[in-house]
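The lines below spell out each chain.
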Amino acid sequence: MKKLLGVLIVLICISCKKEVIQPDPIVEIQQPKIDTTKPIQPTQPKVGFVIDTNWFKNKFPGFWIETHRWYGYGDFNKDGFRDIVVMFATNAPGDMKHQKDTSSRVVVGVFKNYKTYFELDTNLVYSYLGGYSGVNVGDINKDGYLDIYQMTGYWEGSSYPKPNYYNNSGHGGMDSYLFINNANRGFQKYKIPIGEDAGSTTSVMFGNRIYMPNAVYYEFDGKGINRIDLKVDYSFNNEKYDIRVIMPKYASEKGVYYLASKGFTDTYFILKVKNNNLVPIVKYDVPYSRSGFSEGSGGERDEMYVEDLNKDGKLEFLIPSQIFNTTTEPCTPYLMIVDEMGTNVSSKYMDEQITKPLTWDQMSYVNRNGFTGFIYHTFYDMNGDGIKDIFPASGVGYKKGSDTYYYKFENGKYKLELYHPGWTGDVNDSKNTNYWPFVDEKNGVNLFLVAEGSLHRTIFKSF
């Protein structure tokens, strides 16, 4: 987890410009056509991640099974289960973080969720040269099949020289990719050049657009990808501000929203995309000094949630945040709710005990870097009432005694609701392995995915 206020991204967009990016005509890793709409009926119980060993050896000689933290998710076969998109193989040394030269590749695939196990769909596999900083999933071309945006992020520059295939802007970034789904039988790859932008570690997909932290978005028009710059408005209520660290956080029919900091202070802004402008609409202060919204470069990417909670025609903004006031102790997550005036209304919409930061023992795990492994909040509508419930610690739950709870919205307020009897298990590892939790709340499936190492070391729990 990177420290938010240590990141400096200065975005100056004078005017909108448009660059058309042509598609790469190569369809990667074509496989025999298989009817993926029918769930596999296992002949014996299966648990964990299942990969066809013979297929893997024949298709990727010289590669080995390995995963690198971030993942994406979506229901690819429309069975109601949340499938997982994850890097599962590489032919580059792990200590290089990414790739040593242009012959190196990482391999990513979609694992179908059969509740007790996840099986690789060999049709939905792709490889590429690049780092690995996150995946977003959505139907960007509106054909009924989920597409994948692959963020490739940064080069590891602390121990190794910069490879010649990274950009020369000084940011250490590299190209990203969009993979258009061909009816679950393969992908069409589109390269999104990094140019002079910083590397991408998070994004938001909505409609046919991908919104980026460098105040641009990419629009897929059915034939190619258009890059469009957003013009950032640095004034709020006619006063100029030093707006930094601009991150896309939420997109729905309510709009596309970013969060940003005011310099290196405890003041923040909510910005909204209006046409091709990025406009500050709310200014708010955090309740704890040296804290703020989660940067969201890992796991669930920690998107906020926007909702009219009391149905008065005005929106509330639910913002996952963290306290990072020390370099020797873990970042501590908390959730705050602000209204359109920037007022902290957390106590109005949450029971008092859950407005407080999570304690370390509630999160169970602290990794070797001094950060908590489960720092995020996620949102999911458990009871179908139209308002999403809240899952702290990346969906693992709020630990209370030996049980875990989520925050259920009931009678106008979020309250603790039993999620699972008994804690999901201790994921502390004597070898200091980092885990990132993947959760299918609907089906009660919890995965503790190894951040960097063998996919088969993933801790799998279902309920």
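This is a predicted model, so every value here is computed, not measured.

The rules we used
Residues numbered from 1 in each chain as written. Predicted model: local features only at pLDDT ≥ 70, side-chain atom pairs only at ≥ 80, totals over all residues. Heavy atoms only, no water. Helix = DSSP H or I, 4+ residues; strand = E, 2+ residues; numbered from the N terminus. Buried < 20%, exposed > 50% of the residue type's maximum accessible area, 1.4 Å probe, protein only. Areas by Shrake-Rupley, 256 points an atom, 1.4 Å probe, with all protein chains shown as cover. 1 Å grid on protein atoms, 1.4 Å probe; cavity = no way out; pocket = protein on both sides within 12 Å on 5 of 7 lines; lining within 4 Å. Points joined across faces, edges and corners; volume = space filled by probe spheres on them. Nonpolar A, V, L, I, M, F, W, Y, C, P; charged D, E, K, R; others polar. Pairing = 2+ DSSP bridges. Axes fitted to C-alpha atoms, helices over the stretch in contact; angles between N-to-C directions. Phe/Tyr/Trp six-rings, centres within 6.5 Å; stacked < 30°, edge-to-face > 60°. Lys NZ or Arg CZ within 6 Å of the ring centre and 35° of its normal. Lys, Arg positive; Asp, Glu negative; His and termini not counted. Salt bridge = Lys/Arg side-chain N within 4 Å of Asp/Glu carboxyl O. Polar contact = N/O pair within 3.5 Å; in protein donor to acceptor, adjacent residues only side chain to side chain. Contact = heavy atoms within 4.5 Å.

A.B. asks: Got a minute to help me understand the overall build of the protein in this structure?
C.D. replies: Scanning the protein from N- to C-terminus turns up 3 helices and 37 strands. In the protein, which comprises 463 residues, the proportion classed as buried is 60%. Split by element, the accessible area of the protein, about 18,800 Å² in all, is 48% carbon and sulfur.

A.B. asks: In this structure, what is going on with the environment of Gly401? I would like to understand it.
C.D. replies: Relative to the elements of secondary structure, Gly401 occurs in the loop between strand 31 (398-400) and strand 32 (403-410). Overall, Gly401 belongs to the exposed group, its relative accessible area being 63%.

A.B. asks: Explain unusual backbone geometry here, please?
C.D. replies: Comment: phi is negative for the bulk of residues other than glycine, and the bulk of peptide bonds are trans. Even without glycine at this site, Ala183 takes up a positive phi of about 50 degrees. Among the secondary structure elements, Ala183 is positioned in the loop between strand 12 (176-181) and strand 13 (187-192). A positive phi angle, near 50 degrees, is found at Asn237, a position not held by glycine. Inspection of the secondary structure assignment puts Asn237 in the loop between strand 19 (235-236) and strand 20 (239-240).

A.B. asks: It is not clear to me how the layout of surface pockets should be interpreted in this structure. Could you clarify?
C.D. replies: Over the atoms rolls a probe the size of a water molecule, and its path tells where empty space is left. Roughly 1,100 Å³ of volume is contained in the second largest pocket. Tyr73, Arg82, Val137, Glu303 and Lys388 are the residues nearest the centre of the second largest pocket, which is lined by 37 residues in total. Every element with two or more residues in the lining of the second largest pocket is listed here: strand 6 (71-74), strand 10 (134-138), strand 14 (204-206), strand 21 (243-252), strand 26 (305-307) and strand 29 (378-380). In the lining of the second largest pocket, the residues fall into 14 nonpolar, 9 polar and 14 charged.

A.B. asks: Even after reading the chapter, I still don't get the sheet that holds strand 18 (residues 231-232), so can you show me in this structure?
C.D. replies: The strands making up a sheet associate through hydrogen bonds between their backbones, and the pairing can be parallel or antiparallel. Reading across the sheet, the 5 strands line up as 18-24-23-22-21 and stay open at both edges, with mixed pairing between neighbours. On the outer flanks of this sheet lie strand 18 and strand 21, each paired with one strand and no other. Looking at chain direction, strand 23 (residues 267-274) and strand 24 (residues 277-285) are connected through 8 bridges and run antiparallel. Bridging across to strand 24, Ile270 finds its partner in Val282.

A.B. asks: Looking at this structure, I do not really get the sheet that holds strand 34 (residues 435-440). What am I missing?
C.D. replies: Read across the sheet, 3 strands follow the order 34-35-37 without closing on themselves; strand pairing throughout is antiparallel. In the strand order of this sheet, the two ends are held by strand 34 and strand 37 (459-462), each with one partner. Within the sheet, the average angular offset between the axes of one strand and its neighbour, ignoring direction, is 15 degrees.

A.B. asks: What is the right way to look at the packing of aromatic side chains in this model?
C.D. replies: One pass over the full model with this rule turns up 35 aromatic pairs. For the pair Phe49 and Phe111, a centre-to-centre distance of 5.1 Å together with 85 degrees between the ring planes defines the contact as edge-to-face. Taken together, the residues Phe49 in strand 3 (residues 48-50) and Phe111 in strand 8 (residues 106-113) connect sequence positions 62 residues apart. Centroid distance Phe118 to Phe438: 5.8 Å. Interplanar angle 85 degrees. Geometry classified as edge-to-face. Taken together, the positions of Phe118 in strand 9 (residues 117-128) and Phe438 in strand 34 put the pair 320 residues apart, joining distant regions of the chain. For the pair shown, Phe118 and Phe438 are each scored as buried. Among the aromatic residues, those joined into a cluster by ring pairs are Phe49, Trp55, Phe56, Phe60, Phe63, Tyr71, Tyr73, Phe88, Phe111, Phe118, Phe438 and Phe460. A cation over a ring is seen here: Lys78 above Tyr145, with NZ or CZ 4.7 Å from the ring centre. Here Arg82 stacks its cationic end above the ring of Tyr73, 4.1 Å away from the centre of that ring.

A.B. asks: Mind showing me how you'd approach the side chain of Glu316 here?
C.D. replies: Turning to its location among the elements, Glu316 is positioned in strand 27 (residues 316-323). There is no salt bridge for the buried Glu316, and the closest opposite charge comes from Lys348, which lies 6.0 Å off by N-O distance. Within polar-contact distance, the side chain of Glu316 engages the backbone nitrogen of Leu309 at 2.8 Å. In contact with Glu316, not counting residues within four places along its chain, are Tyr305, Val306, Glu307, Asp308, Leu309, Asn310, Ile337, Val338, Val345 and Tyr349.

A.B. asks: Looking at this model, I keep getting lost on the environment of Lys231. Mind explaining?
C.D. replies: Along the polypeptide, Lys231 turns up in strand 18. For Lys231, a relative accessible area of 39% puts it in the partly exposed group.

A.B. asks: Honestly, the environment of Lys356 in this entry has me stumped. Any pointers?
C.D. replies: Here Lys356 is to be found in the loop between helix 2 (346-349) and helix 3 (360-363). Residue Lys356 is classed as partly exposed on the basis of its relative accessible area, which comes to 48%. With 20 residues separating them in the primary sequence, Lys356 and Met336 have C-alpha atoms 9.2 Å apart.

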